[in-house]
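Read off the chains here:
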Amino acid sequence: MAFPSKNLKVAPKAPVASDIKSRKEFVEDLPSKVRNTVRGVDLILINEAILAISAGRATINGKAPKTRVEMYILIASYFTTVRTSLHMYFNGAENIKDNYTVVINYKDQPVTIKFPEVPVEN
């Protein structure tokens, strides 16, 4: 069998080194119970979140994240916005004391999440 004669395309979603670092930091910062349940589909979704951040489709306080904490909040918010029941069990960023506004443009619809979230009382 001969090697394909067509030119192979590079995947447009291949993560660059800084994205891999952000993904690694995010997974390290997850609670250990959740960290042990991360699977390939979850990593793909985390990569998608990082690509959305680098493209400017996901912002925190109107800007790109500057700290590891801001990056975690933004990725966690993205993850919980687009996940389905097939993904790891994860409630997102919790116990946030500072004021943050996360805006995620997903499927051409802006989703706004404000922190700290005020618990709803029944």
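Preceding this paragraph is the structure being described.
The structure presented is a predicted model; accordingly, all values stated were derived computationally and were not measured. (Residues numbered from 1 in each chain as written. Predicted model: local features only at pLDDT ≥ 70, side-chain atom pairs only at ≥ 80, totals over all residues. Heavy atoms only, no water.)

**Q** Would you explain the sheet that holds strand β3 (residues 109-115) in this entry?
**A** By definition, the strands of a sheet pair up through backbone hydrogen bonds, in either a parallel or an antiparallel sense. With respect to topology, three strands assemble into an open sheet ordered β1-β2-β3, the strand pairing being antiparallel. The outermost strands of the open sheet, each flanked by one partner alone, are β1 (58-60) and β3. Taken over all neighbouring pairs, the strand axes of this sheet differ in orientation by 10 degrees on average, direction set aside. Where β1 and strand β2 (residues 100-106) come together, three bridges link them in antiparallel fashion. When the bridges of β2 are listed, T59 appears paired with V103. (Pairing = 2+ DSSP bridges. Helix = DSSP H or I, 4+ residues; strand = E, 2+ residues; numbered from the N terminus. Axes fitted to C-alpha atoms, helices over the stretch in contact; angles between N-to-C directions.)

**Q** When you look at the side chain of T59 in this model, what are you seeing that I'm missing?
**A** Looking at where T59 falls in the secondary structure, it is placed in strand β1. For T59, a relative accessible area of 17% translates into the label buried. In this view, T59 contacts L74, T101, V102 and V103; residues no more than four positions away in its chain are not counted. (Buried < 20%, exposed > 50% of the residue type's maximum accessible area, 1.4 Å probe, protein only. Contact = heavy atoms within 4.5 Å.)

**Q** Sorry, what's going on with helix α4 (residues 68-82) here?
**A** Quick reminder: α-helices carry 3.6 residues per turn. Residues three or four places apart thus point the same way. Its 15 residues give α4 an end-to-end C-alpha distance of 21 Å, which sits within 8% of 21 Å, the value for a rise of 1.5 Å per residue. Counting buried positions over the 15 residues of α4 gives 11, a clear majority of the element. Taken together, the buried positions of α4 are E70, M71, Y72, I73, L74, I75, A76, S77, Y78, F79 and V82. (Expected span 1.5 Å × (residues − 1).)

**Q** Before we go on, may I ask you to explain the packing of aromatic side chains in this structure?
**A** Two descriptors summarise a pair of aromatic rings, namely the distance from one centre to the other and the angle between the planes of the rings. Enumeration according to the criterion identifies two aromatic pairs in this entry. Between the aromatic rings of F26 and Y72, the centroid separation amounts to 5.0 Å while the plane-to-plane angle is 35 degrees, which identifies the pairing as tilted. In this pair, F26 is assigned in helix α1 (residues 17-29) and Y72 in helix α4, connecting sequence segments 46 residues apart. Ring centres 6.2 Å apart and planes at 85 degrees place the aromatic pair Y78 and Y106 in the edge-to-face group. With Y78 in helix α4 and Y106 in strand β2, this residue pair connects regions lying 28 residues apart in the sequence. Y78 gets classed as buried once you look at its relative accessible area, which sits at 3%. Judged by its relative accessible area of 26%, Y106 falls in the partly exposed class. (Phe/Tyr/Trp six-rings, centres within 6.5 Å; stacked < 30°, edge-to-face > 60°.)

**Q** Mind showing me how you'd approach unusual backbone geometry here?
**A** One can expect most non-glycine residues to show negative phi and most peptide bonds to be in trans. Note that the residue after F115, namely P116, is joined by a cis bond; omega there is -5 degrees. Inspection of the secondary structure puts P116 in the segment after β3. Positive phi, normally seen in glycine, also occurs at N61, with a value near 55 degrees. Relative to the helices and strands, N61 is located in the loop between β1 and α4.

**Q** Is there a simple way to think about the nonpolar core in this case?
**A** Nonpolar side chains tend toward joint burial in soluble globular proteins. Membership of the largest hydrophobic core comes to 30 residues, with the highest contact counts inside it found for F26, I73, I75, F90, V102 and F115. For this core, the secondary-structure elements that each account for two or more residues are α1, α3 (40-54), β1, α4, β2 and β3. Apart from the residues within four sequence positions on either side, F90 is in contact with F26, L30, V34, Y72, A76, F79, T80 and R83. (Core = buried A, V, L, I, M, F, W, Y, C linked by side-chain atoms within 4.5 Å.)

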